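Read off the chains here:
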Amino acid sequence: MGWNDWIRTVEVEPSLYVADFSGLGEQSETLLHAGVRIFHFDVGDGHFVEPIRMGPIVLQSISGLIHDGGAYVDCHLMTETPEKYFAAIADAGGDSVTVHYEACDDLPAVVRAARANQLQVGLAFKPETSAAYAAHAGLNSHVDIVLCMSIEPGYSGQEFMPEAIDRIRTVRALLPRGMHVQVDGGIGPENIRAAHDAGATLFVAGSSIFGREDLPRAYRRLVQELA
């Protein structure tokens, strides 16, 4: 099982970092019932990005419920030396890890380490990084997805960068059909369709879901924009 098995043409991924942690399980279960297939789980080490974000202990507390609901956990590692977290992520129930182009001196070795831990693997790149360089690196390293950041990584609540549309288009043109393009940052009803038209099939959504009172309605609105 891998990304091509998980994706139903397109997927909206609620970003758990923006959830109410006092009701993380309840909110996750609500979204599972609404049809969520993939949850996004951010890890920040306080070095690659300033905030220290969720780690394997939180992941372990929620992954069983998510898997029991027929869904998967996509872990975005905003960390230096991401490979040192792979075993812990796998043991805690992560299904895929996405590492940053800027954090990997030997990307093929990092990809091999992820696969050795039975993890799917993606490659993310920051807004200032060349989309073409990142796409070629992902292609040559045989990753499963390429993540185009549409904000500066590390902080939720930022506005979508309109120039990300051209970066998505560039990446999509350079990758084979079986390698999916993900977009993360500021995704909402007003821009998700444009990101899809540019070539993205995976959409990480934080505030536009967890910032709303009715989580299922917020999720379904984004899905409907892609119909």
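Residues numbered from 1 in each chain as written. Predicted model: local features only at pLDDT ≥ 70, side-chain atom pairs only at ≥ 80, totals over all residues. Heavy atoms only, no water.

A. Broad picture of the overall build of the protein chain. Of the regular secondary structure elements, the protein chain holds ten helices and eight strands. Its C-alpha atoms give the protein chain principal-axis dimensions of about 40 × 35 × 35 Å. Per-residue burial over the protein chain gives 58% buried out of 227 residues. Counted over contacts in the protein chain with a minimum sequence separation of 6, partners at least 24 positions apart contribute 67%. Total accessible area on the protein chain stands at roughly 9,800 Å², and carbon and sulfur atoms take up 48% of it. Within the protein chain, the 30 negative side-chain charges are centred at a point lying 7 Å from the centre of the 16 positive side-chain charges. (Helix = DSSP H or I, 4+ residues; strand = E, 2+ residues; numbered from the N terminus. Buried < 20%, exposed > 50% of the residue type's maximum accessible area, 1.4 Å probe, protein only. Contact = heavy atoms within 4.5 Å. Areas by Shrake-Rupley, 256 points an atom, 1.4 Å probe, with all protein chains shown as cover. Lys, Arg positive; Asp, Glu negative; His and termini not counted. Charge placed at Lys NZ, Arg CZ, Asp CG, Glu CD.)

B. Geometry of the pattern of salt bridges. Counted according to the given criterion, the structure contains four salt bridges. Of the charged contacts in the structure, one is a salt bridge between Arg-169 and Asp-166, with a shortest N-O distance of 2.8 Å. Here the residue Arg-169 and the residue Asp-166 both occupy positions in helix H7 (residues 164-174), the gap between them amounting to three residues, near one helical turn. The class of Arg-169 is partly exposed, set by a relative accessible area of 43%. What makes Asp-166 partly exposed here is its relative accessible area of 49%. With its nearest N and O atoms 3.2 Å apart, the salt bridge here joins Asp-197 to Arg-193. Here Arg-193 and Asp-197 lie together in helix H8 (residues 192-198), a separation of four residues that amounts to about one turn. Asp-197 sits in the exposed class, given a relative accessible area of 54%. (Salt bridge = Lys/Arg side-chain N within 4 Å of Asp/Glu carboxyl O.)

C. Local environment of unusual backbone geometry. Of note in this structure, Thr-9 is not a glycine but carries a positive phi near 75°. Not every positive phi belongs to a glycine, and Gln-118 is a case in point at roughly 60°. Within the fold, Gln-118 resides in the loop between helix H5 (107-116) and strand E5 (120-125).

D. Fine view of the sheet that holds E5. Pairing is parallel in the open sheet, where eight strands are placed in the order E1-E8-E7-E6-E5-E4-E3-E2. The open sheet has two free edges, formed respectively by strand E1 (11-14) and strand E2 (38-44), since each of these has just one partner strand. Across the sheet, the mean angle separating the axes of adjacent strands is 25° when strand polarity is ignored. Note that strand E3 (residues 72-78) and strand E4 (residues 96-100) share three bridges and pair parallel. Among the inter-strand pairings, Cys-75 is bridged to a residue of E4, identified as Val-97. (Pairing = 2+ DSSP bridges. Axes fitted to C-alpha atoms, helices over the stretch in contact; angles between N-to-C directions.)

E. Just the packing of helix H2 (residues 24-34) against helix H3 (residues 56-68), in detail. Contact geometry of H2 with H3 gives a least axis separation of 10 Å together with a crossing angle of 30°. Viewed along their axes, H2 and H3 adopt a mutual orientation that is roughly parallel. Our pair here, H2 against H3, has a crossing hand that is right-handed. Judged by residue contacts, Leu-24, Gly-25, Ser-28, Glu-29 and Leu-32 of H2 engage Val-58, Ile-62, Leu-65 and Ile-66 from H3. Partitioned by chemical class, the residues of the contact of H2 with H3 number six nonpolar, two polar and one charged. (Parallel < 35°, antiparallel > 145°, perpendicular 65-115°, else oblique. Left-handed = near helix turned anticlockwise from the far one by under 90°. Nonpolar A, V, L, I, M, F, W, Y, C, P; charged D, E, K, R; others polar.)

F. Geometry of the layout of surface pockets. By volume, the largest pocket is sized at about 360 Å³. Its residues placed into classes, the lining of the largest pocket shows eleven nonpolar, 13 polar and six charged. (1 Å grid on protein atoms, 1.4 Å probe; cavity = no way out; pocket = protein on both sides within 12 Å on 5 of 7 lines; lining within 4 Å. Points joined across faces, edges and corners; volume = space filled by probe spheres on them.)

G. Examining the environment of Leu-215 more closely. For Leu-215, the location among the structural elements is in helix H10 (residues 215-225). Look at Leu-215 and you get buried, because its relative accessible area is 8%. What Leu-215 contacts, discounting residues up to four positions off in sequence, is Gln-27, Leu-31, Ile-209 and Phe-210.

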